[in-house]
Amino acid sequence: MSNPGSRRNGSSIKIRLTVLCAKNLVKKDFFRLPDPFAKVVVDGSGQCHSTDTVKSTLDPKWNQHYDLYIGKTDSITISIWNHKKIHKRQGAGFLGCIRLLSNAISRLKDTGYQRLDLCKLNPSDSDAVRGQIVVSLQTRDRIGSGGPVVDCRGLLENDGPVFEGCFSEEPLPYSDPTGAAGGGNCRLDSPGQDSRPQTQRIRGQDSRGHGHTPQNRPHGHQPPDLPEGYEQRTTVQGQVYFLHTHTGVSTWHDPRIPRNQPQVKETSQAPPMDVGVDEGGGGGVSGGGDGDVAVRYERDLVHKLKLLRHELSLQQPQAGHCRIEVSREEIFEESYRQIMKMRPKDLKKRLMVKFRGEEGLDYGGVAREWLYLLCHEMLNPYYGLFQYSTDNIYTLQINPDSSINPDHLSYFHFVGRVMGLAVFHSHYINGSFTLPFYKQLLGKPIQLNDLETTDPELHKSLVWILENDITSVLDHTFCVEHNAFGKFSQHELKPNGRNIPVTEENKKEYVRLYVNWRFMRGIEAQFLALQKGFSELIPQHLLKPFDHKELELIIGGLGKIDLADWKANTRLKHCTGESNVVRWFWQAVEAFTEERRGRLLQFVTGSTRVPLQGFKALQGSTGSAGPRLFTIHLIDANTENLPKAHTCFNRIDIPPYESYEKLYEKLLTAVEETCGFAVE
């Protein structure tokens, strides 16, 4: 079994941070307890994670881990927030934080669980902070073998003193001269000082990292002689494989058999692995081939999406509906009010949308049109939540100046819920975000090459700086200008940056800080709110098999329409491919611009987006057994009538027009000038 690589790009270390629990948090409300969750940020890198929210407690227990890429100068900030208050105003709901600078990370890693005192964001803050948080840092090549490891399950089941038996009786004080804990002292309780025997290393799987899904169910009988940390499981096809629970890597090879000995297989050839995803999110497994090199099986995107849909279907309640009734004129505000007052589990019920004053019944088509219209409103830069990445590239990114709207965090929470709602119910968001936005959703670090598609001019300039000697050429400092509503302000990329010149020696640091600032300037709180809403419907661990480009397809579908694929996957009813109406219809579509083709598709199906599998996977009515192809239906009707669409069935009804010109005119009128639903 091969370990994943512990380094990325040569200068970053891959570290697994486990947030176990917190104790004795401050109670700021007299009548109710907080709903705490922890936020983990690698400062400046774009890596941001949030734990689940624990309801009504001062002693939350999470036991969740995250894989982080830490540079030599990076620091980690772990803050605890009250979910009940975080969306009310900037900074509301803060319960305490710790900040670990690079030297503190070096001291902490591979030393087991540590109890750290929570501190204020700034020493001058008046908010009361108290309590501790329990975390561990392990380098990926030491996971399962380095440092003392505490049995977390025993901790979480113990209602007594949580730290008894896990830490030394007399904690060792640790004072970071650079202020590793937000300017205060950070107390490290080293398990190495405990004279009592250490608790046995965990052999069970993480309760969150590897759920027992129907495709990933443990084998009924666990052989007692398996090496520590391994579990024997079977795929849905009955193939036996082995999971290393500490790293999340799967293999066909029996770890009890040496690699240089032949292994007796149950079948002559193992099928492609259907389960076992690397914790790093790579969507593959390690094979049992010759040598120690892991053989990666890259999963097909369509198959990974199928597994995701299955996992989400298991979370959908069997009874009840998520009913949304809005008017077309106030679709943004009315949708916001109704969605934000619902619980996440209510949003997972079967979606039923109704436009006020219209009689149409929603079997999928009305919901698609509602999402199409809603996206045009909530993603419109006019509202100030989002902005275009550059003046001539119309991909969307979070607007760092969105705080001009005092409720902007609540609206970002709403946008996240809408995105999660679309993915959960197999719909698509009609908008294109920057690729770094999807990387942030996956918790992956942002790099220089991500600028190429977002801001090519800036990318070209920064690449030139890296590839050329800038001595006596550039007169830059570690300070950049930012234009907010016509007013220019300066931002220092590092403390006292305006007085630090960019030189040949420090230019790499300048480029790294500039890229991080370009994508993260002033949007940390907004992105956290959006991510929170999205994760309420789509748990983050389900997205680990996907990369950022695949996530873009999952959320937005295919934006470009393939005319050949459209023709090949169209069903004809009461007509043939040689019928005049059919030939004229495709002639009209070929004459349309790309925008009008999208409008035609939206008129017939309710959405301008195409599933990533193409037109063969168009979704029909809600609850149908499978996809429903685009359908051209020749009807016996007055040729003065306009074509009629049935969005729940992806069908367009076309009267037998006498000429191509008349069909083109009627089709264009129907697409451009009609709206609304009715019942026949």
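Structural notes, computed from the coordinates. (Residues numbered from 1 in each chain as written. Predicted model: local features only at pLDDT ≥ 70, side-chain atom pairs only at ≥ 80, totals over all residues. Heavy atoms only, no water.)

1. Section: the overall build of the protein
Thought 1: In terms of helices and strands, the protein carries 17 helices and 22 strands.
Thought 2: In the protein, buried positions account for 54% of the 680 residues.
Thought 3: For the protein, long-range pairs separated by at least 24 residues make up 67% of all intrachain contacts whose partners lie at least 6 apart in sequence.
Thought 4: Carbon and sulfur atoms form 49% of the exposed surface of the protein, whose accessible area is close to 31,300 Å². (Helix = DSSP H or I, 4+ residues; strand = E, 2+ residues; numbered from the N terminus. Buried < 20%, exposed > 50% of the residue type's maximum accessible area, 1.4 Å probe, protein only. Contact = heavy atoms within 4.5 Å. Areas by Shrake-Rupley, 256 points an atom, 1.4 Å probe, with all protein chains shown as cover.)

2. Notes on the nonpolar core
Thought 1: Counting residues in hydrophobic clusters, the biggest one holds 59 residues, and the most contacted among them are Trp-370, Phe-386 and Met-419.
Thought 2: No other element matches helix α7 (residues 408-424), which puts ten residues into this core.
Thought 3: Ignoring anything within four residues of it in the chain, the contact list for Met-419 reads Ile-429, Phe-433, Phe-437, Leu-441, Leu-530, Phe-534 and Ile-555.
Thought 4: Within the second largest apolar cluster, 30 residues are counted, among which are Ile-561, Phe-592, Phe-615 and Leu-663. (Core = buried A, V, L, I, M, F, W, Y, C linked by side-chain atoms within 4.5 Å.)

3. Some remarks on unusual backbone geometry
Thought 1: The phi dihedral of Asn-63 falls on the positive side, at around 55 degrees, and the residue is not glycine.
Thought 2: Looking at the element boundaries, Asn-63 is found in strand β5 (residues 61-70).
Thought 3: Positive phi outside glycine occurs at Asn-650, with the angle close to 55 degrees.
Thought 4: With respect to the secondary-structure elements, Asn-650 resides in the loop between β21 (644-646) and β22 (651-654).

4. Topic: helix α11 (residues 507-520)
Thought 1: Along its 14 residues, α11 runs 20 Å from first to last C-alpha, staying within 8% of the 20 Å computed at 1.5 Å per residue.
Thought 2: Of all 14 residues in α11, eleven are buried; the element is thus mostly enclosed.
Thought 3: Of the residues making up α11, those classed as buried are Lys-507, Tyr-510, Val-511, Leu-513, Tyr-514, Val-515, Asn-516, Trp-517, Arg-518, Phe-519 and Met-520.
Thought 4: One or two positions beyond α11, positive phi appears at Gly-522, with a value near 65 degrees. (Expected span 1.5 Å × (residues − 1).)

5. So, the packing of aromatic side chains
Note on aromatic pairs: each is described by the distance of the centres and the angle between the planes.
Thought 1: This structure, assessed with the given rule, holds 23 aromatic pairs.
Thought 2: Aromatic pair Phe-433 and Tyr-438: ring centres 6.1 Å apart, planes at 80 degrees, arrangement edge-to-face.
Thought 3: Phe-433 sits in the buried class, given a relative accessible area of 1%.
Thought 4: Its relative accessible area of 0% is what places Tyr-438 among the buried residues.
Thought 5: Each ring, one from Trp-566 and one from Phe-630, has its centre 5.3 Å from the other, and the planes form 90 degrees; the classification is edge-to-face. Of this pair, Trp-566 sits in helix α14 (residues 563-568) while Phe-630 sits in strand β20 (residues 630-634); the two residues are 64 residues apart in sequence, bridging distant segments of the chain. An identical accessibility class is assigned to Trp-566 and Phe-630; each is buried.
Thought 6: Put simply, the rings of Phe-332, Tyr-336, Tyr-382, Tyr-383, Tyr-411 and Phe-414 pair up and form one aromatic cluster.
Thought 7: Just above the ring of Phe-355 sits the side chain of Arg-328; from NZ or CZ to the centre is 4.1 Å. (Phe/Tyr/Trp six-rings, centres within 6.5 Å; stacked < 30°, edge-to-face > 60°. Lys NZ or Arg CZ within 6 Å of the ring centre and 35° of its normal.)

6. Considering the packing of helix α3 (residues 301-315) against helix α13 (residues 548-556)
Thought 1: α13 packs onto α3 with a crossing angle of 60 degrees between their chain directions and a minimal axis gap of 12 Å. The angle between α3 and α13 places the two elements in the oblique class. For the pair α3 and α13, the sense of crossing is right-handed. Along the contact surface, α3 presents Leu-301, Lys-304, Leu-305 and Leu-308, while α13 presents Glu-550, Leu-553 and Ile-554.
Thought 2: Broken down by class, the residue content of the contact of α3 with α13 amounts to five nonpolar, no polar and two charged. (Axes fitted to C-alpha atoms, helices over the stretch in contact; angles between N-to-C directions. Parallel < 35°, antiparallel > 145°, perpendicular 65-115°, else oblique. Left-handed = near helix turned anticlockwise from the far one by under 90°. Nonpolar A, V, L, I, M, F, W, Y, C, P; charged D, E, K, R; others polar.)

7. Topic: the side chain of His-459
Thought 1: Checked against the element boundaries, His-459 lands in helix α10 (residues 456-467).
Thought 2: Note on His-459: relative accessible area 13%, which makes it buried.

8. Examining the environment of Phe-534
Thought 1: Examined against the element boundaries, Phe-534 turns out to sit in helix α12 (residues 524-537).
Thought 2: The spatial distance from the C-alpha of Phe-534 to the C-alpha of Gly-420 is 4.6 Å, given a sequence separation of 114 residues.

9. Structural notes on the sheet that holds strand β4 (residues 47-50)
Paired through their backbone hydrogen bonds, the strands of a sheet run either parallel or antiparallel.
Thought 1: Across the sheet, four strands lie side by side as β4-β3-β6-β7; this open sheet has antiparallel pairing. The outermost strands of the open sheet, each flanked by one partner alone, are β4 and β7 (94-100). Each strand axis lies, on average, 15 degrees off the axis of its neighbour in the sheet, ignoring direction.
Thought 2: Both strand β3 (residues 36-42) and strand β6 (residues 76-82) contribute to a ladder of seven bridges, which runs antiparallel. Each residue of the ladder has a partner; that of Val-41, found in β6, is Thr-77.
Thought 3: The sheet contacts of α12 involve β3 and β4, and relative to β3 the element is tilted by about 125 degrees. (Pairing = 2+ DSSP bridges.)

10. Details of the sheet that holds β20
Thought 1: If you trace the four strands from one edge of the open sheet to the other, you get β19-β20-β22-β21, paired in mixed fashion. Here the strands that pair on one side only, and so sit at the sheet edges, are β19 (570-573) and β21. Taken pair by pair, the neighbouring strands of this sheet meet at an average axis angle of 20 degrees, ignoring direction.
Thought 2: Looking at chain direction, β21 and β22 are connected through three bridges and run antiparallel. Pairing of His-646 across the sheet is with Arg-651, part of β22.
Thought 3: Helix α15 (residues 580-591) rests against β19, β20 and β22 of the sheet, and its axis sits at about 135 degrees to β20.

11. Concerning the environment of Ile-404
Thought 1: If you trace the backbone, Ile-404 turns up in the loop between β16 (393-398) and α7.
Thought 2: Taking relative accessible area as the criterion, Ile-404 reaches 62% and is therefore assigned exposed.
Thought 3: In sequence terms Ile-404 and Gly-384 are 20 residues apart; their C-alpha atoms lie 8.0 Å from each other.

12. Side note on the pattern of salt bridges
Thought 1: Inspection of the entire model under this criterion finds 25 salt bridges.
Thought 2: Linking Glu-334 and Arg-356 is a salt bridge whose minimum nitrogen-to-oxygen distance equals 3.1 Å. One end of the pair, Glu-334, is in helix α4 (residues 331-340); the other, Arg-356, is in the loop between β14 (350-355) and α6 (365-378), with 22 residues separating them in the sequence.
Thought 3: Under the relative-accessibility criterion, Glu-334 is labelled buried at 11%.
Thought 4: Between Glu-509 and Lys-494 there is a salt bridge, with the nearest N and O atoms lying 3.0 Å from each other. Of this pair, Glu-509 sits in helix α11 while Lys-494 sits in the loop between β18 (487-492) and α11, and the two are 15 residues apart along the sequence.
Thought 5: On the basis of relative accessible area, Glu-509 is assigned to the partly exposed category, the value being 26%.
Thought 6: Because the salt bridges share partners, they merge into one network encompassing Glu-640, Glu-658, Lys-662 and Lys-666. (Salt bridge = Lys/Arg side-chain N within 4 Å of Asp/Glu carboxyl O.)

From the geometry alone we can't say anything about function, so treat these as descriptive.
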